[in-house]
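# Structure assessment
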Amino acid sequence: MANQAPVAWVTGGTGGIGTAICRSLADAGYLVVAGYHNPDKAKIWLETQQADGYNNIALSGVDLSDHNACLEGAREIHEKHGPISVLVNCAGITRDGTMKKMSYEQWYQVIDTNLNSVFNTCRSVIEGMLENGYGRIINISSINGRKGQFGQVNYAAAKAGMHGLTMSLAQETATKGITVNTVSPGYIATDMVMAVPEKVRESIIAQIPAGRLGEPEEIARCVAFLASDDAGFINGSTISANGGQFFV
Ligand code: CAA
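Heads up: these notes are all about the structure in this document. This structure is a prediction, so every number in the text was calculated from the model and none was measured.

Rules and cut-offs
- Residues numbered from 1 in each chain as written.
- Predicted model: local features only at pLDDT ≥ 70, side-chain atom pairs only at ≥ 80, totals over all residues.
- Heavy atoms only, no water.
- Pairing = 2+ DSSP bridges.
- Helix = DSSP H or I, 4+ residues; strand = E, 2+ residues; numbered from the N terminus.
- Axes fitted to C-alpha atoms, helices over the stretch in contact; angles between N-to-C directions.
- Patch = residues over 30% accessible without salt bridge, like charges linked within 9 Å, V, L, I, M, F, W, Y side chains within 5 Å.
- Areas by Shrake-Rupley, 256 points an atom, 1.4 Å probe, with all protein chains shown as cover.
- Salt bridge = Lys/Arg side-chain N within 4 Å of Asp/Glu carboxyl O.
- Buried < 20%, exposed > 50% of the residue type's maximum accessible area, 1.4 Å probe, protein only.
- Near = heavy atom within 4 Å.
- Polar contact = N/O pair within 3.5 Å; in protein donor to acceptor, adjacent residues only side chain to side chain.
- Nonpolar A, V, L, I, M, F, W, Y, C, P; charged D, E, K, R; others polar.
- Parallel < 35°, antiparallel > 145°, perpendicular 65-115°, else oblique.
- Left-handed = near helix turned anticlockwise from the far one by under 90°.
- Contact = heavy atoms within 4.5 Å.

### Regarding the sheet that holds strand β5 (residues 135–140)
Spatially, the seven strands line up as an open sheet ordered β3-β2-β1-β4-β5-β6-β7, and their pairing is parallel. Of all strands in the sheet, those bounded by a partner on one side alone are β3 (57–60) and β7 (238–241). Within this sheet the neighbouring strands show an average axis-to-axis angle of 20°, counted without direction. Across six bridges, β5 lies against strand β6 (residues 178–185) in parallel orientation.

### Considering a nonpolar patch on the surface
On the surface, a nonpolar cluster with roughly 530 Å² of combined accessible area is contributed by Met99, Tyr104, Trp107, Tyr108 and Val153. You can call Met99 exposed: its relative accessible area is 59%.

### Notes on the site of the ligand
With respect to spatial proximity, 20 residues lie near the ligand, and among them Asp96, Thr98, Lys101, Ser142 and Tyr155 are the closest. Ser142 is positioned such that a nitrogen or oxygen atom in its side chain is 2.6 Å from an oxygen atom of the ligand. Take Gln152: an N or O atom from its side chain is 2.9 Å from an oxygen atom of the ligand. Protein contacts shield 58% of the accessible area of the ligand, which totals 1100 Å² for the unbound molecule. Where the shell around the ligand is concerned, the elements lending two or more residues are α7 (191–194) and α8 (198–205). A per-class count over the shell around the ligand returns nine nonpolar, eight polar and three charged.

### Thoughts on the side chain of Ser142
Relative to the helices and strands, Ser142 is located in the loop between β5 and α5 (144–147). For Ser142, a relative accessible area of 5% puts it in the buried group. A polar contact of 2.9 Å, which involves the side chain of Ser142, links it to the backbone nitrogen of Asn144.

### As for the pattern of salt bridges
Under the counting rule described, the total for this entry stands at five salt bridges. Note that Glu127 is salt-bridged to Arg123, the shortest N-O span being 2.7 Å. Of this pair, Glu127 and Arg123 both sit in helix α4 (residues 104–132), four residues apart, which is roughly one turn of that helix. Close ionic contact of Glu218 with Arg212 constitutes a salt bridge, the shortest N to O distance being 2.8 Å. The partly exposed category is assigned to Arg212, whose relative accessible area is 41%.

### Let's talk about the packing of helix α3 (residues 67–81) against α4
Their axes nearest at 9 Å, the elements α3 and α4 cross at an angle of 40°. Between α3 and α4, the angle is such that the two are oblique. Along this stretch, α3 crosses α4, giving a crossing that reads as right-handed. Taking contact as the criterion, the partners of His67, Cys70, Leu71 and Ala74 in α3 are, on α4, Phe119, Asn120, Thr121, Arg123 and Ser124. Of the residues assigned to the contact of α3 with α4, the class counts are four nonpolar, four polar and one charged.

From the geometry alone we can't say anything about function, so treat these as descriptive.
So this is what it looks like as structure tokens:
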């Protein structure tokens, strides 16, 4: 039988926060399509989800920095599973370094993967959502897109750009049943944060009033709420989840 569940496309779905988001949306009844970058890792990841009872998760290996590949990928998801109701932009990388040492590649890779990808996916789903008169777009930004961060001119610029895109697109779609919001995590216990040199990481944790890193599930619950009907009047907003480290 064809899939009857609403479809959620989660880019970066196999990552630390992405995995928690996929599971949370699957728990809420969505057929979740998890975007991945590394096919070998993705295969093992999917087997793990299935072993844990998540049989309503599928994979999509679109290169998010390739505009046409994204259009095609979204079309394939629609054909295979049905119209995309929810898009979560969670794919992201870091290439940290101070400006004086940062190469153009470090700048460009981060802007391409973390920001251009968001245009590409939103552009790929927006016409379908407008036709359906329904949609939820949730962009995973970062505390550092609001406050900046030593060593992250590239990442902070991309994450700040996400907020501008979110607020603008929200205004374009507000009368059409589509909401566009941002979740801005602080420092969460994922491989990305664990890759920060230990000494630097310890000094960052010391600045978090909660005294700890966040858990991926604490971000996933924000996403599930924004994806729900209960959040229909929340539009163009950001939910900050950072243990009190920064207020917007
Ligand atoms: N503020 C002020 N000065 C600082 C500083 C800070 N936060 N951190 C380092 N410095 C100083 C050092 O003391 C040193 O000073 P001197 O030159 O006077 O000795 C100088 O800056 C070092 O500069 P370098 O260019 O040589 O820096 P580096 O190569 O040693 O390391 C870095 C730079 C790679 C960016 C390193 O600081 C780092 O990894 N920082 C963490 C960045 C970070 O927070 N990344 C977050 C990743 S997780 C994520 O992004 C998820 C999310 O959304 C939150």
